[in-house]
Amino acid sequence: MPPRRSQFPEQAIDWMVGGASHVRVLNLGGSPSLPRLLAHRRHTVMAIDKDLERVEQLASRPDLIAIAAEAEGLPFDPCQFDVVTAHQVFHRFAPGLVLSEMARVLRPGGMASVSYLVRDDTVPWVKRLISLLRQVDDQAMRGDYGDDSVEALLTSKYFPEHESRSFRVWQGITRDQMLAMVANQPAVAALDDDLRQMVLDDARSLYDDARPGADDLKLPYQLKVWRAHVDHEELTAPIEIDDTGLVIPL
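Cut-offs and rules
- Sequence order sets the numbering: in each chain, residues are counted from 1 along the sequence as written.
- Thresholds applied to this predicted model are a pLDDT of at least 70 for local features of residues and 80 or more for the giving and counting of side-chain atom pairs; totals over whole chains, interfaces and linings are not thresholded and use all residues.
- Side-chain figures throughout are based on the complete set of non-hydrogen atoms in the structure, without hydrogens or water.
- Starting at the N terminus, helices and strands are each numbered in turn, a helix being any DSSP run of H or I of at least four residues and a strand any DSSP run of E of at least two.
- A 1.4 Å probe that fits into a set of points on a 1 Å grid over the protein atoms alone but cannot get out defines a cavity; an open set with protein on both sides within 12 Å along at least five of seven lines defines a pocket, and lining residues are those with an atom within 4 Å of a point.
- Grid points are joined across faces, edges and corners, and a volume is the space filled by probe spheres set on the points.
- As a working rule, the residues Ala, Val, Leu, Ile, Met, Phe, Trp, Tyr, Cys and Pro are called nonpolar, Asp, Glu, Lys and Arg charged, and the rest polar, with Gly in that last group.
- One bridge is not enough; two strands pair if DSSP finds at least two bridges between them.
- If you view a crossover with the strands going away from you and the path from the first strand over the helix to the second runs clockwise, you call it right-handed.
- As a rule, the C-alpha atoms of each element are fitted with a line to give its axis, helices using only the stretch in contact, and angles between N-to-C directions run from 0 to 180 degrees.
- Any angle that falls under 35 degrees is termed roughly parallel, while one over 145 is termed roughly antiparallel, one within 65 to 115 roughly perpendicular, and all others oblique.
- Rotating anticlockwise by less than a right angle from the far helix to the near helix defines a left-handed crossing, while the corresponding clockwise rotation defines a right-handed one.
- By definition in these notes, contact holds between two residues if any of their heavy atoms fall within 4.5 Å.
- Relative accessibility under 20% of the residue-type maximum defines a buried residue, over 50% an exposed one, and the middle range a partly exposed one, all with a 1.4 Å probe and only protein chains included.
- By construction, the arc corresponds to the directions joining the helix axis to the C-beta atoms.
- Buried Ala, Val, Leu, Ile, Met, Phe, Trp, Tyr and Cys residues that are joined via side-chain atoms within 4.5 Å together make up what is termed a nonpolar core.

If you check an unreviewed UniProt entry, the protein appears there as Class I SAM-dependent methyltransferase from Luteococcus peritonei.

Draft legend 1. Here's a closer look at the environment of I130. Among the structural elements, I130 can be located in helix α5 (residues 124–133). In this structure, the C-alpha to C-alpha distance between I130 and R142, residues twelve residues apart in sequence, is 8.7 Å.

Draft legend 2. Focus on the layout of surface pockets. Of the pockets and cavities examined, the largest pocket occupies roughly 220 Å³. In terms of lining residues, the largest pocket is bounded by 15 residues, among which G29, D49, K50, R92 and F93 are the most central. Of the residues that constitute the lining of the largest pocket, the class distribution is six nonpolar, two polar and seven charged.

Draft legend 3. Molecular detail of the pairing of strand β3 (residues 64–68). Examined bridge by bridge, strand β2 (residues 44–49) and β3 share five bridges and lie parallel to one another. Within β3, the position partnered with V45 by the bridge is L64. Crossover handedness for the path β2 to helix α3 (residues 52–59) to β3: right-handed.

Draft legend 4. Region of interest: the packing of α5 against helix α7 (residues 175–183). Here α5 crosses α7 at 30°, and the two axes come no closer than 12 Å. Compared by their axis directions, α5 and α7 come out roughly parallel. Here α5 runs over α7; the crossing is right-handed. Mapping the contact onto sequence places W125, L129 and L133 in α5 and M178, M181 and V182 in α7. Of the residues contributing to the contact of α5 with α7, the split by class is six nonpolar, no polar and no charged.

Draft legend 5. Fine view of the sheet that holds strand β1 (residues 24–28). One open sheet accounts for seven strands, arranged β3-β2-β1-β4-β5-β7-β6; its pairing is mixed. Unpaired on one side and paired on the other, β3 and β6 (161–173) mark the two borders of the sheet. Across this sheet, the average inter-strand angle for adjacent strands is 20°, counted without regard to direction. Sheet topology note: the β6/strand β7 (residues 217–229) ladder contains 13 bridges and is antiparallel. Bridge assignment links E163 to a residue of β7, and that residue is R227. Sheet contacts for helix α2 (residues 33–40): β1, β2, β3 and β4 (81–87); angle to β2, the most-contacted strand, approximately 165°. Sitting on the sheet, helix α4 (residues 95–105) is in contact with β1, β4 and β5 (106–119), with an inclination near 135° to β5.

Draft legend 6. Region of interest: empty space enclosed by the protein. For the structure on display, the rule yields one cavity of 30 Å³ or more. Its volume calculated, the largest cavity comes out at about 30 Å³. In terms of lining, the largest cavity is formed by L133, V136, D137, A140, Q185, P186, A187 and V188. Examining the composition of the lining of the largest cavity, we find that three residues originate from one element, helix α8 (residues 186–189), more than from any other. Looking at side-chain class alone, the lining of the largest cavity contains six nonpolar, one polar and one charged residues.

Draft legend 7. Layout of α5. Among all positions of α5, only W125, V126, L129, I130, L132 and L133 are buried. Projected onto a plane normal to the axis of α5, the buried residues spread over an arc of 160° and lie on a single side. Turned more than 90 degrees off the buried face of α5, the exposed positions are P124 and K127. Summarising the contacts, the buried residues of α5 are in contact with β5, β6, α7, α8, α9 (193–210) and β7.

Draft legend 8. Seen up close, the nonpolar core. Counting 48 residues, the largest nonpolar core has W125, L129, L133, V182 and L223 as the members making the most contacts within it. In terms of residues, this core owes the most to one element, α5, which gives six residues. When residues no more than four places from it in sequence are discounted, the contact partners of W125 are I173, M178, L206, A210, L217, K218 and L219.

Draft legend 9. Summary view of unusual backbone geometry. Of note in this structure, R42 is not a glycine but carries a positive phi near 70°. Residue position: R42 is located in the loop between α2 and β2. Located in the positive-phi region is Q88, a residue other than glycine, with phi close to 65°. Considering the arrangement of structural elements, one finds Q88 in the loop between β4 and α4.

Rendered as structure tokens:
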């Protein structure tokens, strides 16, 4: 059974693998949700992570192969996978190492799919919540992180062709969950009791004013996905050495 709640719409998962069926996928670290959903859609999925507990968690699934390894040094022969995926983690890798490794293990015609879930702050009640919190901390609730690291993929000589799509994702949030989120903001937690309670009271009123009837509010996100197609020419091109560099003056 797939997870009941997912930040991956089915059309996004299919787009990540180019709409193909039964492909061989390597997932680099991050949440186990994506490799599980890929396996549920009958792809052959191998997942690597340097966190041993997460590897054990992934290995408990009979439809997944989990290996303890680092993305910058993949323990696979060349041309083993159709797709390499990385969700919410690409900014943690050293681009100068991971990009060549991703290209090396991809088959000709294969691609890398990098994704980030980024909060959409265009909804009015979310704007009001952000405005409230930035009265306390002007850096509060920054909706994007890490996705700027994708520029390294888009400008890589190993992946000269790329495309992107965004998918809307809604995640329900109860009043208690929102108040806990507000209370856990470092600047709010550092306030004295009276000021902190004022912020929480304002957040509670904001939630109740925005809630449609008896339903919970929904936080809007954009799942941003980049697909980049591998070019093996850079990996197979001969190395040219400048002969003048080998002259030793006597």
